Amino acid sequence: MFISDTLSRATAACAGDANYYQRHAICFLQEVQEDLQQVNQADYLNVTGRRLEQIKRHTDNDEGLQALRSTVTTGWPDLKEQVPVIIRGYWPYRDEISAQNGILFRGQRVVIPKSLRTEMLARIHASHIGGEACYRQARETLFWPNMQAEIKDFVSTCTTCNEYAHSQQKETMLSHPLPTRPWQIVSMDLFTHGRKDYLLIVDHYSDFWEIELLPDLSAETVIKRCKAQFARHGQPDRVITDNGPQFTSAFARFASEWEFEHVTSSPRYPKANGKAESAVKIAKNLLRKAARDGNDPWKAVLHWRNTPTENMDSSPAQRLMSRRLKTSIPVTNKLLEPVVVTGVTEKLQYRRQLAKSFYDRSARVLPELEVGETVRMKPPPGDTSRIWRAG
Ligand SMILES: [Zn+2]
C-alpha cells in the first residue's frame, strides 16, 4: 500500500515547485528503488553459482534477450507494434519482467535463453514424466514464450517414452466396401476342428459360407479347394484373408490368374477379417453340437443356410442362390421355386451402420500419418521387453 500510494503521487511534472507531499513522495520513491535493487531474485533460486553464470553468459549472447534487457531497462513503449519483433512474444508479460545481475526474470522465474532451452527440456524430462507434469514442474522456476507447447512437443517425441507407450485408443471403424451381388466379395480363414483343418470361405453378400476339409496346410492345397468353390459360385472380385503362410506368393499368382483382388488384414488385427472370424465361430459351433448329439453335421449346416437371418428377412441360401433349399421340414413346391431377394445391400448397409455406431462409441478419429513421420509397432504378444520399436 505504501509503495502504490507513493508511486501514484510521484508524477513526472512535480520536479519544479513541488509541495510538501510531492517532495515527500519523491524522496520515498528513491528509497523504494534502492530497496528494490537490493532484492536479489537469484537468492530465491535453488541453483548453483556456476549455473547462474552459465545462464548469464547465454543471456549475454542471446540477441532477443539483449533486446529484452534493454527494453526492460529503458521502459516498454505504449503500443505492441512499437516493440522490436524479436521480443514481441514477451509483450503480455511486460509488467512482470525484470533484469537483475545480467539475468532476466519473469516474476521469480528465470527467462531461459534460446541456446539453453534444449538442455532445459532434457532436464525437465529427465525422469520421463508426462508432458503435463513436466510443465507443472517447470513453470514454477523457468520461463520462455511458448514453453508449454515446446515441452509437450519434446515429450511426445521422446524415444524412451515412445518405446514404452500405452496402446493407442482404437480408431473409428474402417469398413470394407459393401457388395451389391452374391459372391462378389468373400473372406477366407483356416480353422481346426476335431484335429482336422478346414478352409472356410464366406460370402459378404449372403453370409453363406462353404467349408473344405484340408488334407494338409500347404498353399497349393488351399488354392485347389478355392478353385473348386470358385468353379461352383464364380470368380469373386475381392478375396479377404489374414497374413497366414497360405496366402503369400503362390496365392498372389492364383489371384492374378483368376483375376480377383487379394486383400490381407493388418498384422495382429484379426478383426479386419471379422466376417470370416464370425463365420468360423458359427461353423465350429454347428459341428461341435452335431458331434455331441451324434447328428449329421451336414444336416445342421443345411438348416443353418436355410434359416432366415436376423433383420434380413431371407436366408443365406436365398440371398446366394435365390431359392429356398429343400430340407426335412415339409414345404410346398411353390416355396421352393426361385425368387430373387431384393433390397439386400440396403439391409447390409443398415446392419453395418448399427455395428459402426456401437463400435465408434469407444473409438476416436486418429490423425493421418505423414510421409517421413516416425511410426512405432506395438510389441507383439509374448514380447517381454514391451518396447515399441520404430518401424
Ligand atoms: Zn521420455
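In short, a report on the structure. On a predicted model such as this, the values are computed, not experimentally measured, just so you know.

**Details of the coordination of the zinc ion**
So, point 1. Taken together, His125 (NE2), His128 (ND1), Cys158 (SG) and Cys161 (SG) make up the protein donors of the zinc ion, found 2.0 to 2.3 Å from the metal.
So, point 2. For the zinc ion, the 4 donor atoms in the first shell make angles of 102 to 121 degrees at the metal, a pattern classed as tetrahedral.
So, point 3. Sequence spacing among the residues donating to the zinc ion works out to H-x2-H-x29-C-x2-C.

**Remarks on the environment of Leu287**
So, point 1. Residue position: Leu287 is located in helix α11 (residues 274-293).
So, point 2. For Leu287, a relative accessible area of 11% gives the class buried.
So, point 3. Each C-alpha atom, one on Leu287 and one on Val263, is 28 Å from the other, the two residues being 24 residues apart in sequence.
So, point 4. Leave out the neighbours within four places in its chain, and Leu287 touches Phe191, His193, Ile211 and Pro297.

**Re the pairing of strand β6 (residues 196-203)**
Looking along a regular strand, one sees the side chains alternate between the two faces of the sheet.
So, point 1. Counting buried positions over the 8 residues of β6 gives 6, a clear majority of the element.
So, point 2. Counting the residues that bridge the hairpin from strand β5 (residues 185-193) to β6 gives 2 residues, and of these Gly194 lies at a positive phi of roughly 55 degrees.
So, point 3. Where β6 hands over to strand β7 (residues 209-214), the hairpin turn is made up of 5 residues, of which Asp207 adopts a positive phi near 65 degrees.

**Remarks on the environment of Ser278**
So, point 1. Position of Ser278 relative to the elements: it lies in helix α11.
So, point 2. Classification of Ser278 by relative accessible area gives partly exposed; the value is 37%.

**Side note on a nonpolar patch on the surface**
So, point 1. The grouping of Phe2, Ile3 and Leu7 at the surface amounts to a nonpolar patch, some 340 Å² of accessible area in total.
So, point 2. For Phe2, the location among the structural elements is in helix α1 (residues 2-9).

**Points about unusual backbone geometry**
So, point 1. Of note in this structure, Asn101 is not a glycine but carries a positive phi near 50 degrees.
So, point 2. Within the secondary structure, Asn101 is located in the loop between β1 (97-100) and β2 (103-106).
So, point 3. Backbone geometry at Arg195 places phi at a positive 60 degrees, although glycine is not the residue there.
So, point 4. Mapping Arg195 onto the fold places it in the loop between β5 and β6.

**Quick notes on the nonpolar core**
So, point 1. If you look at the biggest cluster of nonpolar residues, it comprises 22 residues, and the most contacted ones within it are Met188, Cys226, Phe230 and Phe251.
So, point 2. Put simply, the parts of the chain that give this core at least two residues each are β5, β6, α9 (219-233), α10 (249-257) and α13 (316-321).
So, point 3. If one sorts the elements of this core by residue count, α9 sits on top with 5 residues.
So, point 4. In this structure Phe230 touches Trp183, Met188, Gln235, Pro236, Val239, Phe254, Trp258 and Phe260, once residues within four positions along its chain are discounted.

Rules of the game
- Residues numbered from 1 in each chain as written.
- Predicted model: local features only at pLDDT ≥ 70, side-chain atom pairs only at ≥ 80, totals over all residues.
- Heavy atoms only, no water.
- Donors = N, O, S within 2.8 Å, 3.2 Å for Na, K, Ca; no water.
- Tetrahedral: all angles 85-135°; square planar, octahedral: opposite > 155°, others 65-115°.
- Helix = DSSP H or I, 4+ residues; strand = E, 2+ residues; numbered from the N terminus.
- Buried < 20%, exposed > 50% of the residue type's maximum accessible area, 1.4 Å probe, protein only.
- Contact = heavy atoms within 4.5 Å.
- Pairing = 2+ DSSP bridges.
- Patch = residues over 30% accessible without salt bridge, like charges linked within 9 Å, V, L, I, M, F, W, Y side chains within 5 Å.
- Areas by Shrake-Rupley, 256 points an atom, 1.4 Å probe, with all protein chains shown as cover.
- Salt bridge = Lys/Arg side-chain N within 4 Å of Asp/Glu carboxyl O.
- Core = buried A, V, L, I, M, F, W, Y, C linked by side-chain atoms within 4.5 Å.

By themselves these figures say nothing about function.
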